[in-house]
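Topology and contacts: notes
What follows is the residue order along each chain.
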Amino acid sequence: MNALIYTSALGIICLLAEIFNLRKLIIPIAIAGLLAILGTVALDWNADNSIREAALYNMLRADSFSLTFSGLLISLTVLLLMLSTDFYKTEQAKISDYIALILFILAGSLAMASFGNLAMLFLGIEVLSISLYIMAGANKHDKRSNEAGMKYFLMGSFASGLLLFGIALVYGETGSFDIVEIRDFIATHQPTSMLYVGVGLMLMALLFKTGAAPFHYWAPDVYEGAPMFHTAILMTVAKIGAFAAFYRLFSACFIPVMMPFGWVLSIVVALTITVGNLSALVQDSFKRMLALSGVSNAGYLMIAIVTLYGKTDNAVFYYSLAYGMALITAFTIAILVYRSSETESFSGFNGLAKRHPFIAASLTIAMLSLAGIPPFAGFFGKYYIFSEAVRNGRMWLVIIATINSIIGVYYYLKVVFAMYLKESDSNAAPLQIPVIYSVVIAITLTVILAVGLFPSTVLGWL
Amino acid sequence: MSLLMNIFQEIPLHNYLFLSAILFCIGVFGVLLRRNAIIIFMSIELMFNAVNLLLVAFSTYYSDSGGQVFVFFIMAVAAAEVSVGLAILVTIYRNLHSVDIDELKSLKW
């Protein structure tokens with residue numbers, strides 16, 4: 001389980017490469033390094049259970065959940081780095097900072113996916129968030145980007161304060177930061193009000209970080225204001241990392257106190273899905289629509305936390321994989337369209353199908369997958385999560401979620417209508433499509449289709 | 001010195017808990033009510049320091065060094081966080097000539 005150390009070291013190497021005038025090599029080095037790290041994760045995954053469990057004084061735990069999520073996060077970062085070659089073409093002077101920050105974001109999310117101690121949870125969340133504050137405010141001459149950075153910073157550090165107070169109260173109750181010791185303590189002792197307040201504060205902080213209602217107000221503003229590529233990072237690596245931490249904390253640590261929090265969480269989930277969906281319906285900006293659909297997707301994933309008693313690890317991983325791949329496809333195309341049309345609204349996509357049929361077809365597949373239409377991956381992701389919820393007797397939640405995913409089809413298909421049915425402006429310039437973007441789209445589409453057609457292979461990994 | 005230590009150890013744990021809860025609430029209300037970004041930063045620091053106090057008190061109570069090590073992590077992270085926050089604030093001040101967060105309203109529905 002040394003992926004975290006290697007990733008941080010790779011980030012530092014990228015910073016040092018600037019000194020030795022190796023700017024052109026930074027992205028290839030980072031991609032090659034990450035692929036090597038992916039290899040070490042795969043080796044860990046194949047290793048014997050007893051060897052991999054006892055690593056790094058239990059600060060990190062290398063169970064199958066953490067290893068598969070590490071693999072997913074590293075793969076998503078590789079795809080994002082491939083996109084960055086072209087996105088940062090005009091900003092060569094800052095490239096080592098950006099790439100190092102992306103690697104630190106990955107390091108933070110790896111710590112969040114595999115923590116075995118609340119100290120690592122805190123450090124992971126902070127490494128992730130501090131890098132993301134910079135990424136959100138990166139476009140420093142643009143007022144909207146400034147505003148996004150500031151809002152994210154204020155909300156994020158407020159949430160960190162809540163998380164810390166929660167950790168302190170849980171420590172005061174149990175006398176330990178280790179998640180297994182805490183779980184054993186809670187299981188054998190009568191819980192007190194101090195523990196409940198502590199868990200409640202940590203829950204609030206994690207709802208903030210995953211962007212779930214009623215703490216989602218920062219999410220659409222930040223996602224809209226940040227530069228397009230950085231929004232893609234925020235919505236894939238950062239969101240999946242935050243959710244992995246959330247799920248891991250409750251499944252590995254607080255499962256004995258889930259009873260009183262189960263009802264609260266169910267209501268939060270219903271609220272998140274509904275609010276995210278209804279707000280996404282009325283949006284005119286593609287980016288903001290994706291941001292709000294990200295809120296409702298966090299809600300679908302949180303159904304898995306409500307129904308923790310079943311075997312939900314598989315479903316959560318499958319859903320995250322489908323969601324991440326579809327979003328990367330969507331953002332790749334959105335970056336291209338934004339660059340040629342200079343508008344983030346749906347009208348930028350008008351008549352795209354006539355000019356670029358393959359791009360339009362790829363975006364359609366990504367949108368159908370996000371909307372949950374079979375045979376694409378998104379459908380099975382929703383199906384597995386919902387079926388676990390039904391098995392655990394949360395029928396009403398599944399009914400709300402299903403109605404909402406039908407509403408979701410409408411706004412996901414809005415962009416498809418714009419591409420196929422509307423006429424483009426006569427002076428619309430054709431898109432410049434770099435080769436590397438086509439490669440990324442090909443990879444993500446292959447994964448969406450393969451995982452959608454053969455879901456049982458992925459489900460067997462955990 | 002040992003006299004002082006004795007006095008500290010006679011203070012019950014509850015008092016530390018109440019003190020840090022009060023400090024934390026002052027921080028929370030500062031973040032929610034004040035509009036000046038610098039004051040909000042100070043309030044966030046106050047929240048972090050309330051947590052530090054609480055962790056040290058618990059750590060002494062359990063005779064476990066883990067809590068005090070955690071405090072060092074929090075201090076380092078808080079310093080990094082505020083330096084990034086101040087950098088963002090400087091860019092905002094250059095564009096808007098104000099540090100009032102109510103001026104930040106270009107992103108809306």
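All figures in this text were calculated on a predicted structure; none of them were measured in a lab.

1. Thoughts on the overall build of chain B
Tallying secondary structure elements over chain B gives four helices and zero strands in all. Along chain B, helices (α) and strands (β) appear in the sequence α-α-α-α when read from the amino end. In summary, chain B has a C-alpha radius of gyration of 18 Å against a globular reference of 13 Å for 109 residues, an excess of more than 25%. In terms of overall dimensions, chain B has a C-alpha envelope of 55 × 30 × 25 Å along the principal axes. Looking at chain B residue by residue over its 109 residues, the buried ones come to 29%. Within chain B, residue pairs in contact and separated by at least 24 positions form 44% of the contacts whose partners lie at least 6 positions apart.

2. So, helix α18 (residues 395-421) of chain A
Residue and element names in this part refer to chain A. Counted at 1.5 Å a residue, the expected span for α18 with its 27 residues is 39 Å, and the 38 Å between its end C-alpha atoms agrees. At leucine 413, α18 shows its largest kink, close to 35°. Listing the buried residues of α18 in full gives Leu397, Ala401, Asn404, Ser405, Gly408, Tyr411, Tyr412, Val415, Val416, Ala418 and Met419. Looking at the buried residues of α18, the elements they touch are α12 (258-281), α13 (286-306), α15 (352-355), α16 (357-371) and α17 (377-391).

3. So, unusual backbone geometry
Residue A:Pro214 is reached from A:Ala213 by a cis peptide bond, and omega for that bond is 0°. With respect to the element layout, A:Pro214 can be found in the loop between α9 (193-210) and α10 (218-225). Cis rather than trans, the peptide bond between A:Pro374 and A:Pro375 has omega equal to 10°. Tracing the chain through its elements places A:Pro375 in the loop between α16 and α17. Of note, the phi angle at A:Asn21 is positive, near 60°, even though the residue is not glycine. For A:Asn21, the location among the structural elements is in the loop between α1 (3-19) and α2 (26-46). On the basis of neighbour count, A:Asn21 is assigned to the exposed category, with 8 C-beta atoms found within 10 Å. Phi is positive for B:Ser63, which is not a glycine, with a value near 45°. Considering the arrangement of structural elements, one finds B:Ser63 in the loop between α3 (37-62) and α4 (66-96). Judged by local crowding, B:Ser63 falls into the exposed class, with 7 C-beta atoms found within 10 Å.

4. What about the environment of A:Asn117?
Residue and element names in this part refer to chain A. Inspection of the secondary structure assignment puts asparagine 117 in the loop between α5 (95-114) and α6 (118-136). Taking the C-beta count within 10 Å as the criterion, asparagine 117 has 23 such neighbours and is therefore assigned buried. Setting aside chain neighbours within four positions, we find asparagine 117 in contact with Asn58, Met59, Phe177, Asp178 and Ile179.

5. A look at the interface of chain B and chain A
If you look at the interface, chain B gives 30 residues, while chain A gives 32 residues. Those elements that place two or more of their residues in the side of chain B that touches chain A are α2 (13-33), α3 and α4 of chain B. No other element matches the 14 residues that α4(B) contributes to the side of chain B that touches chain A.

6. A few points about the packing of α17(A) against helix α19 (residues 435-453) of chain A
Residue and element names in this part refer to chain A. Closest axis-to-axis distance for the α17/α19 pair is 7 Å, and the angle between their directions is 45°. Judged by the angle between their axes, α17 and α19 are oblique. On α19, the residues that touch Ala377, Phe379 and Phe380 of α17 are Ile448, Val451 and Gly452. Of the residues assigned to the contact of α17 with α19, the class counts are five nonpolar, one polar and no charged.

The rules behind these values
Residues numbered from 1 in each chain as written. Chains lettered and ligands numbered in written order. Predicted model: local features only at pLDDT ≥ 70, side-chain atom pairs only at ≥ 80, totals over all residues. Helix = DSSP H or I, 4+ residues; strand = E, 2+ residues; numbered from the N terminus. Rg over C-alpha atoms; globule rule 2.2 N^0.38 Å. Buried ≥ 20, exposed ≤ 12 C-beta atoms within 10 Å, placed from the backbone. Contact = placed C-beta atoms within 7 Å. Expected span 1.5 Å × (residues − 1). Bend = angle between axes of the 7 residues up to and from the residue. Axes fitted to C-alpha atoms, helices over the stretch in contact; angles between N-to-C directions. Parallel < 35°, antiparallel > 145°, perpendicular 65-115°, else oblique. Nonpolar A, V, L, I, M, F, W, Y, C, P; charged D, E, K, R; others polar.

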